[in-house]
Structure formats: structure tokens, C-alpha cells
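# Working through the structure, step by step
Residues per chain are reported as follows:
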Amino acid sequence: MEYKNYMKLEFESKSQNEAFARVVVASFAAQLDPTIEEITDIKTAVSEAVTNAIIHGYENTTGIVKVTCYIINQELEVIIEDEGRGIEDIEKAKEPLYTSKPELERSGMGFTVMETFMDEVDVYSEAGLGTKIRMVKKFKSLIADE
Amino acid sequence: MQLKYETNNNTLIVELEGELDHHVAEDIRIELDDIIERKRIRNLIFDMGLLHFMDSSGIGVIMGRYKNISKLGGKVAVVEVPDKIDKIFTLAGLYRIVEKYQNKREAINRM
Ligand SMILES: Nc1ncnc2c1ncn2[C@@H]1O[C@H](COP(=O)(O)OP(=O)(O)OP(=O)(O)O)[C@@H](O)[C@H]1O
Ligand SMILES: [Mg+2]
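Since the structure is predicted, the reported quantities are computational estimates derived from the model, not experimental observations.

Next up on the list: the packing of aromatic side chains. Throughout the structure, instances matching the rule amount to 5 aromatic pairs over all chains. Consider the rings of Tyr-3 of chain A and Tyr-6 of chain A, whose centres lie 5.9 Å apart with planes at 40°: the pair is tilted. By relative accessible area, Tyr-6 of chain A is classed as partly exposed at 36%. For the ring pair Phe-11 of chain A and Phe-20 of chain A, a centre distance of 6.4 Å and an interplane angle of 80° mean the geometry is edge-to-face. Classification of Phe-11 of chain A as buried rests on a relative accessible area of 6%. By way of ring pairs, the aromatic residues Tyr-3, Tyr-6 and Tyr-70 of chain A are connected into one cluster. Over the ring of Phe-117 of chain A we find Lys-87 of chain B; its NZ or CZ atom is 4.6 Å from the centre of that ring.

Moving on, we come to helix α3 (residues 83-91) of chain B. Along α3 of chain B, the residues classified as buried are Ile-85, Asp-86, Ile-88 and Phe-89 of chain B. Axial view of α3 of chain B: buried residues confined to an arc of 160°, hence all on one face. Where α3 of chain B is buried, its residues touch α2 (36-57) and α4 (110-117) of chain A together with β3 (43-54), α2 (56-71), β4 (76-79) and β5 (99-101) of chain B. One or two steps after α3 of chain B, the chain reaches Gly-93 of chain B, where phi turns positive at roughly 70°.

Moving on, we get to the confidence of the model for chain B. The predicted model of chain B has a mean per-residue pLDDT of 96, with 100% of residues at 70 or higher. Confidence estimates for the predicted assembly give a pTM of 0.96 and an ipTM of 0.95.

Time to look at empty space enclosed by the protein. Counting across every chain of the model gives 1 cavity of 30 Å³ or more. When its volume is computed, the largest cavity comes out at roughly 40 Å³. Residue lining of the largest cavity: Thr-40, Thr-44 and Phe-117 of chain A together with Phe-53, Met-54, Lys-84, Ile-85 and Ile-88 of chain B, and that is the complete set. Put simply, the parts of the chain that give the lining of the largest cavity at least two residues each are α2 of chain A together with β3 and α3 of chain B.

This next bit is on unusual backbone geometry. Residue and element names in this part refer to chain A. Although it is not a glycine, Asp-33 sits at a positive phi angle of roughly 60°. Following the sequence through the fold, Asp-33 ends up in the loop between α1 (17-29) and α2. Residue class for Asp-33 comes out exposed when judged on its relative accessible area of 56%.

In a packed pair of helices, the relevant descriptors are the angle between the two axes and the axis-to-axis distance. For the pair α4 of chain A and α3 of chain B, the least separation of the axes is 10 Å and the interaxial angle reads 125°. Judged on the interaxial angle alone, α3 of chain B and α4 of chain A are oblique. Like other packed secondary-structure pairs, α4 of chain A and α3 of chain B cross with a definite hand, here right-handed. Residue-level contacts link Thr-112, Val-113, Thr-116 and Phe-117 of chain A of α4 of chain A to Lys-87, Ile-88 and Leu-91 of chain B of α3 of chain B. Of the residues contributing to the contact of α4 of chain A with α3 of chain B, the split by class is 4 nonpolar, 2 polar and 1 charged.

Residues Phe-46, Met-48, Met-54, Ile-62 and Phe-89 of chain B are the most contacted members of the largest nonpolar core, which totals 34 residues. For this core, the elements supplying multiple residues, two or more each, are α4 of chain A together with β2 (11-20), α1 (22-38), β3, α2, β4 and α3 of chain B. Setting aside its immediate chain neighbours within four residues, Met-54 of chain B contacts Thr-44 of chain A together with Leu-20, Met-48, Ile-59, Ile-85, Ile-88 and Phe-89 of chain B. The next biggest cluster of nonpolar side chains, apart from the first, holds 33 residues, and it includes Ile-42, Ala-93, Met-114 and Met-118 of chain A.

What counts, and where the lines are drawn
- Residues numbered from 1 in each chain as written.
- Chains lettered and ligands numbered in written order.
- Predicted model: local features only at pLDDT ≥ 70, side-chain atom pairs only at ≥ 80, totals over all residues.
- Heavy atoms only, no water.
- Phe/Tyr/Trp six-rings, centres within 6.5 Å; stacked < 30°, edge-to-face > 60°.
- Buried < 20%, exposed > 50% of the residue type's maximum accessible area, 1.4 Å probe, protein only.
- Lys NZ or Arg CZ within 6 Å of the ring centre and 35° of its normal.
- Helix = DSSP H or I, 4+ residues; strand = E, 2+ residues; numbered from the N terminus.
- Arc of directions from axis to C-beta.
- Contact = heavy atoms within 4.5 Å.
- pLDDT = per-residue confidence, 0-100.
- 1 Å grid on protein atoms, 1.4 Å probe; cavity = no way out; pocket = protein on both sides within 12 Å on 5 of 7 lines; lining within 4 Å.
- Points joined across faces, edges and corners; volume = space filled by probe spheres on them.
- Axes fitted to C-alpha atoms, helices over the stretch in contact; angles between N-to-C directions.
- Parallel < 35°, antiparallel > 145°, perpendicular 65-115°, else oblique.
- Left-handed = near helix turned anticlockwise from the far one by under 90°.
- Nonpolar A, V, L, I, M, F, W, Y, C, P; charged D, E, K, R; others polar.
- Core = buried A, V, L, I, M, F, W, Y, C linked by side-chain atoms within 4.5 Å.

Following this line, the structure appears as C-alpha cells:
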């Protein structure tokens, strides 16, 4: 794969790391000269995926969450991975308002938020093995310049 | 996350400041439910003016409080909603159950 820049972050599945992860990805994206709105979109989508890894993937046990970013053709690709319980039915999981944890006051909007705020979202998951979310953000300012 | 609140008769006005994510949601929920019970609150207003970041965890907090408050015949409103948070509320269909007003004065007058 041809990329201009790359970074990788690994951390324990602790909720304190949610803010840390989204700020790191937003800082890495800053080199693409995003608008404030685009930065917020990225932070929100990363927060959703990392929170899902912690709550659903590891269900509050200790595991490692990996966040990898590439800059390819003026786009940001973010990959968020866990080695947790995995998703049995991905289509169902992506439905707005579907949650497997209503007792934790989850609203079932995480995937919908990711899909709205990013340009591409792909979900790879296998029950018992873990989940990988790949998201791409295209930057309007750069598209206009081309 | 800073949580400031004031009461106006049996209306609780909560000012959310900073970032509302999964990490802080649990503490906020416990604190709010405690105030709501102790002060016999009927209506709840969330002032979002100083909230810089929110993800779907915030929807969970508001919907959860709505469930409790509405059972007792009360209403929930949001005021001073920043554009980026308005986008998430609209996506989640929150405005079907929670009212939106410009500011807390308007909310107090109309609830
Ligand atoms: N990393 C993951 N590992 C295992 N299951 C997952 C993972 N991410 C999502 N899921 C499953 O997909 C469902 C939908 O996820 P989504 O983020 O849309 O909603 P939620 O997390 O339940 O609620 P919200 O994000 O609104 O707080 C989850 O309830 C969970 O069952
Ligand atoms: Mg989620």
C-alpha cells in the first residue's frame, strides 16, 4: 500500500483512554488541513469505535485496543481493532437504535454516527475473535484544491 | 466534565461543560438521578452551551433521564445546542421526545 504517513497506537481497554485516542487521531489528521467540523467528525467517529471496543468487545475486561492511521491520497484511513467477543450479526448491529446493551443506557447509534460522519465505514468481525472497523475521511478543502 | 446545576421550582437546569463520552456518562447519570430524587424534580433542562464534545453516550444519558422523568409526568428539554451536537440529536430522533429551546429562560416559560 502506498501511503504518505502512518501511525499506530495501542492502549488498554480503559474508558480513560477514549478521550486520549480521539485527540491523537485528530492531531494526526491536522496535517491534512481539515476544517473544525471535519476534526469534530473524526473525533466523534473514533470515540464511537473505541467505546464499542471497550464496552462490547472486551465487556469491561482488560484487552488491547489498536488504532492505526494512514494518510493515502489526501485521505485519512483509521482502523480500530479489538480482540474481543466479536459481532455475530453485523447487519443487525449496524441498524440505527439496535443495541445489545440497553441496560447500560446505550442508544444503538454508534454505527449510524460513524457512517454519517465518515465517508466510508467497513466492519470486519468474527464471533470469538474480535472486530476491526475501517473508516475513511475525505477532506473537502483538499478535494476543492485538486 | 463539569456539572453545574440550579433549580427553579421543580425544574432542574443542568449545565453540561466539557466533554460527554462513555467515560464520564456513568458519573453524570448517578449524580443526576440523585438530584432528581432528592429535590423531587419534575422537569429537566440540559444546557449544552458549553459542551465541546459529545458522542452517542450523551444520547444514552438524555434518553435514560427522559424515561425516568416522563414516567412521573415530567418533561425534558435541551437548550443552547451547538450545531455539531444538534446533528447527533437529529440522527437519533431525540427531538421526537425531547423539546429544544434557544435558552433556559424560554424553556422555563414554555415547559
Ligand atoms: N467492537 C465490538 N465488539 C463486539 N460487539 C460490537 C462491537 N461494536 C459494536 N458491537 C455490537 O453492535 C451493536 C451496535 O453498536 P452501536 O455502536 O451502533 O450501538 P451501541 O454501542 O449499542 O450504543 P451507542 O453506541 O449508541 O452507545 C452493539 O450493541 C454491539 O452488540
Ligand atoms: Mg456504540
